[in-house]
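# Per-entry structural report
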Amino acid sequence: MSRIVYSLLFTGSSLFLLYACTKSSSSTTTTVGNWVRRSDFDGVARSEAVSFVVGDSAYVATGYDGDVRLRDLWKYDVTNNYWIQKADLPGDARSSAVGFATTTKGYVGTGFNGADKLKDFWEYDPVANSWTKKADFAGSARYDAVGFGISDKGYITTGFDGNYLKDFWMYDPATDSWTQKVSLGGSKRSGAVAFVYKGNAYVCTGTNNGTSVNDFWMYDPVAAQWTEKKFISNVSTDTYDDSYAIVRSNGVAFVIGDKAYVSTGENGAILSDTWEYDFATDLWTKKTNWEGSERTGATGFSVKNRGFLLTGRNSTYRFDDMREFLPNDTYNAND
């Protein structure tokens, strides 16, 4: 049964060098969905990048190429399937930051520069192709947090600052200010995913003290409350969750239509499985595996009601390939 955490105020961060000409043999025809190769990311291969979407354009920035942290920004034209480089982030090069957008601007903040955890916060104007430094994130400096935008506000929660976190902060661009909101319910975590559907935000997966967490929460900004959804592992006496294997960290999530998708990441091993979440039923269904090399620390985005996953790493390589997921198509090994 769901439980609701009511609003209280407390005082007190969205990853291929080697690949075959055909798709991975790990793909299966017993599930539905097809991953289709799109234009490779034009920047260097990387992991732990961020992404955000403004209008009909997606942007990918920052990350780690295995040697140095990065600050470059790239725009993806989904209609014409190509990338173009835009203005670099002026702040520290970083990985494991957060990226999100409001209706007209993109934002990047927090992360790790190779020596220090960060809390600076930057606004990107896609019309002017320029960055502006904004008020520092009001929580502690951290990495592996999640961020999301709902209408004209932005939000950051979870992450790691030396301890696992679940404090929750709202950013108002109109006043360039942060307000602490009621904390995420359940477990503290880092390396989680967040996605937004019909004005509500959803947070799940991640790790706490080295263990993958299985609780799943929805935030309603109008009611200013968190509601717990069904667990994402097999813990009930019912049959619906018998095959659940959704828990992980450093995965990717995106929304297509009335469904959300979680793919890749790690949970003891590096993963390639893909799961579909039905907002109407609060249930998950296994879909066709990610068809590239298994990876963690990828990034992804939804743009024009289409979902994409790209970049990331395994134990040997960092990647620059990108695929689009077509959730209702039949698997095709040759596209």
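Details of the structure are given in the entry above.
Description of the structure in this document.

What follows deals with the overall build of the protein. The secondary structure content of the protein amounts to zero helices and 27 strands. Based on the C-alpha atoms only, the size of the protein along its principal axes is roughly 50 × 50 × 35 Å. For the protein, buried positions account for 57% of its 335 residues. Taken as a whole, the protein presents about 13300 Å² of accessible surface, with 47% of it coming from carbon and sulfur. Taking the 34 positively charged and 40 negatively charged side chains of the protein as two groups, their mean positions are separated by 2 Å.

Read from one edge to the other, the open sheet built from four strands follows the order β3-β4-β5-β6, with strand pairing classed as antiparallel. The open sheet has two edge strands, β3 (50-54) and β6 (82-86), and neither has a second partner. In this sheet, neighbouring strand axes are inclined to one another by 25° on average, regardless of whether the strands run parallel or antiparallel. Both β3 and strand β4 (residues 57-64) contribute to a ladder of five bridges, which runs antiparallel. Residue pairing for β4: Val54 is matched across the bridge by Ser57.

This paragraph deals with the packing of aromatic side chains. Inspection of the entire model under this criterion finds 47 aromatic pairs. Measuring from ring centre to ring centre gives 6.3 Å for Phe52 and Tyr124, while their planes differ by 50°; the resulting arrangement is tilted. You can see Phe52 sitting in strand β3 and its partner Tyr124 sitting in strand β9 (residues 117-125), a full 72 residues away along the chain. Each of the two residues, Phe52 as well as Tyr124, counts as buried. Taken together, the ring pairs in this structure connect Phe100, Tyr107, Phe121, Phe137, Trp169, Tyr171 and Trp178 into an aromatic cluster. Over the ring of Trp122 we find Lys133, and its NZ or CZ is 6.0 Å from the ring centre.

In this structure, Phe195, Tyr202, Phe216, Tyr277, Phe279 and Trp284 are the most contacted members of the largest nonpolar core, which totals 19 residues. Counting residues per element, the ones that place at least two in this core are β15 (193-197), β16 (200-204), β19 (216-220), β21 (252-256), β22 (259-263) and β23 (274-278). For this core, the element with the highest residue contribution is β15, accounting for three residues. Not counting residues within four places of it along the chain, the set of residues in contact with Trp284 comprises Cys204, Phe216, Ile232, Tyr244, Ile246, Val262, Trp275, Glu276 and Tyr277. Ile150, Phe168, Val182 and Trp226 belong to the second largest nonpolar core, which has 15 residues in total.

Another point: the sheet that holds strand β8 (residues 106-112). The strand order across the open sheet formed by four strands is β7-β8-β9-β10, and the pairing between neighbours is antiparallel. The open sheet terminates on both sides in strands that have one partner only, identified here as β7 (98-101) and β10 (130-134). Taking the axes of each pair of neighbouring strands and ignoring which way they run, one obtains an average angle of 25° across the sheet. As paired elements, β9 and β10 share five bridges and run antiparallel to each other. Residue pairing for β10: Trp122 is matched across the bridge by Lys133.

Topologically, Asp77 is positioned in strand β5 (residues 69-77). One buried charge, Asp77, has no salt-bridge partner; the nearest side chain with opposite charge is Lys75, at 6.2 Å. At a separation of 2.9 Å, a polar atom in the side chain of Asp77 contacts the main-chain amide nitrogen of Asn80.

Thresholds applied
Residues numbered from 1 in each chain as written. Predicted model: local features only at pLDDT ≥ 70, side-chain atom pairs only at ≥ 80, totals over all residues. Heavy atoms only, no water. Helix = DSSP H or I, 4+ residues; strand = E, 2+ residues; numbered from the N terminus. Buried < 20%, exposed > 50% of the residue type's maximum accessible area, 1.4 Å probe, protein only. Areas by Shrake-Rupley, 256 points an atom, 1.4 Å probe, with all protein chains shown as cover. Lys, Arg positive; Asp, Glu negative; His and termini not counted. Charge placed at Lys NZ, Arg CZ, Asp CG, Glu CD. Pairing = 2+ DSSP bridges. Axes fitted to C-alpha atoms, helices over the stretch in contact; angles between N-to-C directions. Phe/Tyr/Trp six-rings, centres within 6.5 Å; stacked < 30°, edge-to-face > 60°. Lys NZ or Arg CZ within 6 Å of the ring centre and 35° of its normal. Core = buried A, V, L, I, M, F, W, Y, C linked by side-chain atoms within 4.5 Å. Contact = heavy atoms within 4.5 Å. Salt bridge = Lys/Arg side-chain N within 4 Å of Asp/Glu carboxyl O. Polar contact = N/O pair within 3.5 Å; in protein donor to acceptor, adjacent residues only side chain to side chain.

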